[in-house]
Amino acid sequence: MSIKSLIPFLFLASPAWCQPQTLVTGLQAPVKIVLTPRGNFLVTETSGSPNSGRLSFVSRAGARRSLIEGLPSGTEVTLAGGSGPSAMALRDRTLYLCIGPGDSERAGAAPGTSMLNPQSASSPIFSSLLEIRFSADVDAIGSTFHMTAQHQQALNDGGEVELADAGATARISLLTRFPIAEPHPAAVYKFSNPWGLALSEDGRDLYLTDASQNCLLRIDPATGRWRRLARFGPLPNPTPVGPPVVDAVPTNVRIYGNSVLVSFLSGFPFAGGNARVLIVNPETGAADPFIFNLTSVTDVLWRPRPSGRDQFFVLEFSANQSATPAPPGRLMRFDAADPQVAGTFITPVSMVFDEATSELFILELRGQIQQLKIN
């Protein structure tokens with residue numbers, strides 16, 4: 001596919017946009033959202049408490065219930081939040097679920113360095129990808145499955161576990177795991193942080209972004225075998241604050257025809273203009289600019305339009321993340337005809353689009369889902 005880069009021009013919000021409506025509140029540090037076949041939602045939620053991450057089912061009416069409790073979680077390296085269940089990809093009755101690094105990492109003795117947690121991690125299956133096969137469509141399951149420490153150990157040993165409740169089952173296996181940490185000349189160790197996941201339309205390939213290793217992986221769902229498709233180098237820091245270069249920090253990945261789109265947050269001090277969206281060739285790993293001059297991008301998605309011009313939506317965590325206090329994030333729409341700032345949101349981290357109803361659903365880290373009708 002030959003696609004030229006989109007150069008963004010921002011306009012004021014159009015009155016044609018509807019005001020977002022709050023669908024649900026009270027989520028537990030949510031990270032990612034996906035749409036189910038019947039138009040409901042699965043949401044991953046993290047926690048700083050050991051092994052209290054969860055996968056929630058949220059109905060279109062805004063009712064939340066736990067689908068899986070007891071997933072691996074722990075306090076992340078800054079001791080300021082939780083790390084655990086993160087990105088997902090759903091196909092029929094199979095869910096691919098990423099587990100983050102949890103409490104595997106701790107700050108090293110020197111500034112900007114990392115080391116393994118000397119108290120040991122809370123789970124043996126951090127930095128992994130689980131395959132979960134449900135006995136029924138997720139929209140039809142009313143059960144809550146509970147994972148235990150014994151289940152996690154069994155998965156770590158290469159076994160498969162079956163969780164059962166009210167006649168429904170969830171068979172879980174550890175599809176693959178990623179190196180918890182790798183040596184790094186500046187950071188001592190660079191830890192893994194699987195953060196974005198996309199499944200190809202034919203189901204033959206999974207693409208995963210690692211926000212700490214700054215790379216894109218391609219995974220075979222049949223075998224779990226993976227390889228690094230692309231590494232994303234550091235970016236110049238144009239500010240006098242912080243190091244001369246900053247990490248790229250890839251956040252999410254989306255299938256786009258025969259290519260994939262990768263969004264980037266960029267690292268501290270989150271200079272405006274460093275965040276962007278790249279288009280990547282999934283065969284060669286070659287990456288080209290696509291949408292750029294952005295700030296703290298957490299997600300990107302697209303939809304085809306009758307005019308033949310694809311429409312793109314970009315989610316930014318904050319319009320200026322380095323400010324104190326940081327302003328809200330925003331949703332931006334890009335197309336060749338009428339790019340717009342579509343709305344502002346508080347700590348937006350993930351989004352999903354329902355083509356059947358022309359609605360966007362924005363997941364906010366503060367624990368809410370916002371519903372937005374688009375034209």
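Quick caveat, the model's predicted, so the values are computed rather than measured.

## Observations regarding the sheet that holds strand β24 (residues 250-256)
Then, in step 1: Spatial ordering of the open sheet is given by β24-β25-β26-β27, a layout of 4 strands whose pairing is antiparallel. With one partner strand each, in any of the chains shown, β24 and β27 (287-294) form the two edges of the open sheet. When strand polarity is set aside, the average angle formed by the axes of neighbouring strands in this sheet is 20 degrees.
Then, in step 2: Where strand β26 (residues 275-280) lies against β27, 5 bridges are found, and the strand directions are antiparallel. Bridge pairing in β27 links Val 280 to Ala 287.

## Digging into the pairing of strand β15 (residues 168-177)
Then, in step 1: Across the 10 residues that make up β15, a large majority, 8, are buried.
Then, in step 2: Relative to β15, strand β12 (residues 128-134) is paired through 7 bridges, and the arrangement is antiparallel. Looking at the pairing, Arg 133 lines up with Arg 171 of β15.
Then, in step 3: Of the strand pairs in this sheet, strand β14 (residues 161-165) and β15 are connected by 5 bridges, and their pairing is antiparallel. Bridged to Val 161 within β15 is Ile 172.
Then, in step 4: Counted along the chain from β14 to the antiparallel partner β15, the turn is 2 residues long, and its residue Ala 166 has a positive phi close to 55 degrees.

## Some details on a nonpolar patch on the surface
Then, in step 1: The grouping of Met 115, Val 188 and Tyr 189 at the surface amounts to a nonpolar patch, some 230 Å² of accessible area in total.
Then, in step 2: Among the secondary structure elements, Met 115 is positioned in strand β11 (residues 114-116).
Then, in step 3: By relative accessible area, Met 115 is classed as partly exposed at 34%.

About the criteria used
- Residues numbered from 1 in each chain as written.
- Predicted model: local features only at pLDDT ≥ 70, side-chain atom pairs only at ≥ 80, totals over all residues.
- Heavy atoms only, no water.
- Pairing = 2+ DSSP bridges.
- Helix = DSSP H or I, 4+ residues; strand = E, 2+ residues; numbered from the N terminus.
- Axes fitted to C-alpha atoms, helices over the stretch in contact; angles between N-to-C directions.
- Buried < 20%, exposed > 50% of the residue type's maximum accessible area, 1.4 Å probe, protein only.
- Patch = residues over 30% accessible without salt bridge, like charges linked within 9 Å, V, L, I, M, F, W, Y side chains within 5 Å.
- Areas by Shrake-Rupley, 256 points an atom, 1.4 Å probe, with all protein chains shown as cover.
- Salt bridge = Lys/Arg side-chain N within 4 Å of Asp/Glu carboxyl O.

Shape descriptors only; they carry no functional weight alone.
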